[in-house]
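# Chains, contacts and geometry: an overview
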Amino acid sequence: MPPENGVLLDLNDCSIQFGGLKAVDGFDLRMSKGELVGLIGPNGAGKTTVFNLITGVYQPTRGEMLLKGRRLNGLKTHRITALGIARTFQNIRLFSSLSVRDNVRSALHIHCSLGIWDVVWRGKRFAEREGWVQGRAGELLEIFGLAGVANEPATSLPYGMQRRLEIARALGTEPSLLLLDEPAAGMNPHEKRELMQLIEWVRERFGLTILLIEHDMSVVMGICRRILVLDYGVTIAEGSPEEIRRHPKVIEAYLGEAAS
Amino acid sequence: MSGARRAWMAVERFATASLVGRLAALAVTIAVLVVLDRALSRLLNPYVFRILMLCGINIVLAVSLNLINGFTGQFSIGHAGFMAIGGYAAAAMTTYWGPAALKAFAAVGLAGGIGTSMLFVLALLFGGLLAAAAGLLVGIPSLRLRGDYLAIVTLGFGEIIRVVILNLDFLGGARGFPGIPRYTNFFWVAFSGVVVVLVVRNLVSSAYGLAFRMVRDDETAAAAMGVDTTRFKVMAFVIGAFFAGIAGALFGHYLIYLHTNSFTFMKSFEIVIMVVLGGMGSIIGSVIAAILLTILPELLRSVQQYRMVFYSALLIVLMLTRPQGLFGSGTPFGLGRLWSKRREVRRAA
Amino acid sequence: MQEFAQQLLNGLSWGSIYALIALGYTMVYGVLRFINFAHGDVYMVGAFLAYYIAHAVGAGSHPSVAAAALVLLGSMVGCAILGVIIERAAYRPLRRQPRLTVLITAIGVSLLLENAGQLVFGADPKFFPQFIPGRNLSVGGVVVTSHQIVILGVSLLLMAGLHTFVMKTKTGMALRAVSFHREAASLMGIPTDRIISITFAVGSALAAAAGVLVGLSNPKIDPLMGLLPGLKAFVAAVLGGIGNIPGAMIGGLILGVAEVLVSGYISSTLRDAIAFGILIVILLTRPTGLLGRGQVEKV
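Heads up: these notes are all about the structure in this document. (Residues numbered from 1 in each chain as written. Chains lettered and ligands numbered in written order. Predicted model: local features only at pLDDT ≥ 70, side-chain atom pairs only at ≥ 80, totals over all residues. Heavy atoms only, no water.)

### A word on the overall build of chain C
Each helix and strand in chain C was counted, giving 11 helices and 4 strands. For chain C, whose C-alpha radius of gyration is 19 Å, the value lies close to the compact-globule estimate of 19 Å for 299 residues. Taking as baseline every contact in chain C between residues at least 6 positions apart, the subset at least 24 positions apart corresponds to 77%. Within the structure as shown, chain C displays about 12,500 Å² of accessible surface, and the carbon and sulfur contribution to it stands at 67%. Here chain C carries 19 positive and 11 negative side-chain charges, and the mean point of each set is 12 Å from the other. (Helix = DSSP H or I, 4+ residues; strand = E, 2+ residues; numbered from the N terminus. Rg over C-alpha atoms; globule rule 2.2 N^0.38 Å. Contact = heavy atoms within 4.5 Å. Areas by Shrake-Rupley, 256 points an atom, 1.4 Å probe, with all protein chains shown as cover. Lys, Arg positive; Asp, Glu negative; His and termini not counted. Charge placed at Lys NZ, Arg CZ, Asp CG, Glu CD.)

The following block contains the structure:
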């Protein structure tokens, strides 16, 4: 299938089964360049599983996944990252023994294009690449307001900053598609507002396409033009925030049978 | 410390700036080590000198195992197996092919010291490479297995290697391998030590080599950052095994006799204890722990029978009270500082 | 054929020793998810306890069923206490530490038992008192020793007892619940710490029984005797599927038979490599073991 103009990510009928459980069933999603799409649903609806499928952590039992027309099926996570997909994790997964700066540097590993001999020998090529990494890491730290804590251990940062660092780290890989898994979890209203601005801002600054999983309705409704709702692994609704808010199936899924 | 550190960095910048700098650094290192070699072998009494040599060999072992266990987070307790392969391979080379090789070197004008040095370098590399090949073989299960399982598989590999050697007649089998030429001197031990420390440090401190520690901290996140985790795990095993092989070759050509009893899993445990005591992921820690744990048994010689009891109790107490090891934090020359630095954030917003 | 039957019998009796040790590994792995490296040394302590008890009651010079039972029970109780102490002192404080820390501690405990053993018991091998007279029975050309009958009988009895304990009693049910999901079991009001202690006690008692039985057939005992059998019994546990009790029994028997056959028909020096060979093959091809269940890692 040739890539259609402007389509970045194309998921067709993606499904995965764990034993008898259909965690995700017949999931379709087509994202245009620059879009910010929200993915919501009750706990255990399969949202994170969608991320794990896209990033190659799990392989779909059925369906096809394309990024810029290139098939993602069967690729390992690190290959998919190299193709331009980065993610954050629901339960923040920073490298706990590394400093804030090294966490950002860790994302630049992918651009080193060095061999083991370069690294051991430390020749010109190494100095040039390593210098670039230092510079780039500094820039990212500056942009995300983390320069002041660059040498602190990453896990000693306050929660909100850890989330920010995780986004900075994901951007270090220079993705075209960013997957954010509940970035507002555990944040206070003030932090949430800041986060929303940050997401909007990085989308423009880095020309990103973003898929966002979020529990907090105010965040999703506030920044996403298009929202998908998953329940029991199936897409039950798709549309603008207004449409989603009024969708009877969504209300049922969130409030239970009693409300309907 | 920061003054010394700055000076060291200046030296290093000069040494890596150009080929001339590099050659100069190499020449200076060799010259210093040769002088030390001559001086120490004459000044020190044979007993102290022997301990010094064993310290050096243990440093090579501990630092190389630290790459696998400390920096990459794989748990290998079969390092003695790699050491055995290197030791026996190099010994076989110098004993069986050595005379012919020396004659050939002499024929092209490389007689005497230079010829034996060349032969020994080749033997060291041969031992290292063969061990590295075994490391590749052991590294492959590490892709699938974690923690305890990997530990027991590496232990199993180590034992299999030992049993296989025991059954190889040309390596002496149960009688041991006698008559190895004594090529190991202070120079080669120290030089290997310097090389292993530099190589491991260069690997783990670069942005490229951050991948080792990323794999240790969180494999899933590492893969999401574009790290080929498979590659780095296997690489850690191959490089670690290579240096263990070199250590084995040094060991064999120092004792001039090899027996598989030197390479049981007790030896592997010993190396693990050095790494743990020094601190997982601290190079300087491994170096210091290797020295301590080589000297300590000698000091405890008078209470020989309590020695191992003391050792094992030490290990347990260490785990219960300070699992990050003695030198897990704040060490000079940026060699460590990696494992547990739990300072409060002072300037956090 | 006759020779093969003989080897098979020898293998089974040797394998039931492995099986008894493997049970302890598998049970501890079930509740704590870690390899108790010191388990093999508990087996060694069991043999030595039996040695001293047998001497104290004069079982060697005046063999009787009562004396034999006393030796076996005494050693089992002693090791059960030892197992509980080890868990309390060395493993419990590390419950929330990384598994690597616990693993290294276990290695430390193992080394401590071996070296303290050398200090207390002496490094030289001791001769295990033969409190069960050795007689040979010939069944169709196959020689069955009285020791083999005792080994097979006692281990069968213990395994049946364990099975009943785990499947039929309330404590057994709690044990299964803890190994299914420790946190959930704890939330359901199961005293997990006590169950873990009981697991160590039972596992260690079984290892002690193995130590007593092995003393009967291989009467030379020394403080390092637990090292290799311990590791091999672990292999047996993995072979059967770690955490799985019937698996440990089957794994032990298979390993014992395999070892005896290899040393009988191929080479006795290769005997010690067989277990590790099996381990590597099984971990690479079927890491869950023969009877184990797989599980998906959560991201």
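### Some remarks on the interface of chain C and chain B
Counting from both sides, the interface comprises 45 residues of chain C and, opposite them, 36 residues of chain B. Looking at the side of chain C facing chain B, the largest losses of area belong to Ile104(C), Leu111(C) and Leu119(C), adding up to 15% of the total buried there. The interface formed by chain C and chain B includes 1 residue pair in polar contact (both at pLDDT 80 or more). Listed by contribution, the elements that provide at least two residues to the side of chain C that touches chain B are helix H3 (65–91), helix H4 (99–121), helix H9 (227–240) and helix H11 (271–285) of chain C. (Buried area = accessible area lost by both parts, 1.4 Å probe. Polar contact = N/O pair within 3.5 Å; in protein donor to acceptor, adjacent residues only side chain to side chain.)

### Looking at the interface of chain B and chain A
Taken together, the contact pairs 43 residues of chain B with 42 residues of chain A. Together chain B and chain A conceal approximately 3,600 Å² of surface at their shared face, both sides included; 60% is due to carbon and sulfur atoms. At the boundary of chain B with chain A, the tally comes to 1 salt bridge. The partner of Arg93(A) in a salt bridge is Asp218(B), with the nearest N and O atoms 2.6 Å apart. At the level of secondary structure, the elements contributing two or more residues to the side of chain B that touches chain A comprise helix H1 (2–17), helix H2 (19–43), helix H7 (186–205), helix H8 (210–217), helix H9 (219–224) and helix H10 (229–255) of chain B. The element best represented in the side of chain B that touches chain A is H8(B), accounting for 6 residues. Residues belonging to the side of chain B that touches chain A are distributed by class as follows: 22 nonpolar, 7 polar and 14 charged. (Salt bridge = Lys/Arg side-chain N within 4 Å of Asp/Glu carboxyl O. Nonpolar A, V, L, I, M, F, W, Y, C, P; charged D, E, K, R; others polar.)

### A closer look at the packing of helix H3 (residues 100–108) of chain A against helix H5 (residues 124–143) of chain A
Residues and elements named next belong to chain A. Packing of H3 against H5 leaves a shortest axis separation of 9 Å and a crossing angle of 120 degrees. It follows that H3 is oblique to H5 by the angle criterion. Where H3 crosses over H5, the handedness of that crossing is right-handed. Touching Val 100, Arg 101, Val 104, Arg 105 and Leu 108 of H3 are Glu 130, Trp 132, Val 133, Gln 134, Arg 136, Ala 137, Leu 140 and Leu 141, all from H5. Residues belonging to the contact of H3 with H5 are distributed by class as follows: 8 nonpolar, 1 polar and 4 charged. (Axes fitted to C-alpha atoms, helices over the stretch in contact; angles between N-to-C directions. Parallel < 35°, antiparallel > 145°, perpendicular 65-115°, else oblique. Left-handed = near helix turned anticlockwise from the far one by under 90°.)

Everything listed is a geometric property; what it means functionally is a separate question.
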